[in-house]
Amino acid sequence: MKELTSEQIERQDSVDNAIYQLIQELNPTVDEIRWDIEMIGDVRDVIGDWIVERLKITDEQNFYAWVEK
């Protein structure tokens, strides 16, 4: 079975952390929004669609790598 490389895992962590930080920065309250990978994944899908499909500046694997099971 193919696995993600350490660089691909670092990229995933970087993308997810950046999205989480953005969510925190956009939160207009003093309440911290807990880490929720489902919410982060939903935001990531929209951003990925723009970067990969609409702007066509990279491919899906370079934006957020994954392996088929």
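Refer to the structure above for everything that follows.
I will try to describe carefully the structure that is included in this document. This one's a predicted model, so the numbers in the text were calculated from it and none came from an experiment. (Residues numbered from 1 in each chain as written. Predicted model: local features only at pLDDT ≥ 70, side-chain atom pairs only at ≥ 80, totals over all residues. Heavy atoms only, no water.)

A few words now on the side chain of Q24. Note on placement: Q24 falls in helix α1 (residues 6-26). A distance of 2.9 Å separates a polar atom in the side chain of Q24 from a polar atom in the side chain of Y20. (Helix = DSSP H or I, 4+ residues; strand = E, 2+ residues; numbered from the N terminus. Polar contact = N/O pair within 3.5 Å; in protein donor to acceptor, adjacent residues only side chain to side chain.)

Right, let's talk about the pattern of salt bridges for a bit. All chains considered together, the criterion is met by three salt bridges. In this structure, R44 engages D16 in a salt bridge whose closest nitrogen and oxygen atoms are separated by 2.6 Å. Pair noted here: R44 is in helix α2 (residues 37-54) and D16 is in helix α1, with a separation of 28 residues, a long-range link. Classification of R44 as buried rests on a relative accessible area of 15%. Relative accessible area serves as the criterion here: at 7%, D16 is assigned to the buried category. Between R54 and D49 there is a salt bridge, and its shortest N-O distance comes to 3.3 Å. (Salt bridge = Lys/Arg side-chain N within 4 Å of Asp/Glu carboxyl O. Buried < 20%, exposed > 50% of the residue type's maximum accessible area, 1.4 Å probe, protein only.)

Turning our eyes to something else, we now look at the side chain of Q12. Here Q12 lies in helix α1. Only 2.5 Å separates the side chain of Q12 from the backbone oxygen of A65, close enough to count as a polar contact. Setting aside chain neighbours within four positions, we find Q12 in contact with L4, Y64 and A65. (Contact = heavy atoms within 4.5 Å.)

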